[in-house]
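One-letter residues, chain by chain:
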Amino acid sequence: QVQLVESGGGLVQAGGSLRLSCAASGRTNAMGWFRQAPGKEREIVASINWSGYSTYLDDSVLGRFTISRNNAKKTVDLQMNVLKPEDTAVYYCAASPQGSYSYRINDYVYWGQGTQVTVSS
């Protein structure tokens, strides 16, 4: 059982930046960040493999967001730049038992409680 706790959400103006962090209670393999806007399904934002050397970014955030991890600290961060109002959502950290990154929500077993990101226009 792995517990995940997200932090770093908040309110920011369009064009601004936020950095989300996810702290894990134990060792993890692939990790992902997902988001869910009101009335929409939860969707992948970014994923990173166990070592941190391979990453996946959804087209909607490519060039603006980066994902990274520090295995010694058991953290996974999501750096979000040039934020847009459409990035407004609850952001969730998730852990997968597999080593490779994945954009499939069903590959993730453990989930954090989520952190709200609101981007004003």
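Every value quoted in this text rests on a predicted model; they were computed, and no experiment measured them.

A. Fine view of the pairing of strand S7 (residues 65-70). Where burial is concerned, the two faces of S7 differ: the one with Phe65, Ile67 and Arg69 is buried and the one with Thr66, Ser68 and Asn70 is not. As consecutive antiparallel partners, S7 and strand S8 (residues 75-80) are separated by four residues, and within that stretch Lys74 has a phi angle of approximately 60 degrees, a positive value.

B. View of the state of the cysteines. This model, assessed by the stated rule, comprises one disulfide. Bridging Cys22 to Cys93, the disulfide has an S-S length of 2.0 Å. Taking the torsion about the sulfur-sulfur bond, which here is approximately -75 degrees, the covalent link between Cys22 and Cys93 counts as left-handed. Of the two residues, Cys22 is situated in strand S3 (residues 18-24) and Cys93 in strand S9 (residues 89-95); the sequence distance between them amounts to 71 residues. Residue Cys22 is classed as buried on the basis of its relative accessible area of 1%.

C. The arrangement of the pattern of salt bridges in detail. Tallied over the entire structure, the rule returns five salt bridges. Put simply, Arg35 and Glu43 hold a salt bridge, and the shortest N to O gap is 2.8 Å. A salt bridge links Arg104 to Asp107, with the nearest nitrogen and oxygen atoms 3.1 Å apart. Given a relative accessible area of 47%, Arg104 falls into the partly exposed group. Connected through salt bridges with shared partners, the residues Arg35, Glu43, Arg64 and Asp87 form a single ionic network.

What counts, and where the lines are drawn
- Residues numbered from 1 in each chain as written.
- Predicted model: local features only at pLDDT ≥ 70, side-chain atom pairs only at ≥ 80, totals over all residues.
- Heavy atoms only, no water.
- Buried < 20%, exposed > 50% of the residue type's maximum accessible area, 1.4 Å probe, protein only.
- Helix = DSSP H or I, 4+ residues; strand = E, 2+ residues; numbered from the N terminus.
- Pairing = 2+ DSSP bridges.
- Disulfide = S-S within 2.5 Å.
- Salt bridge = Lys/Arg side-chain N within 4 Å of Asp/Glu carboxyl O.

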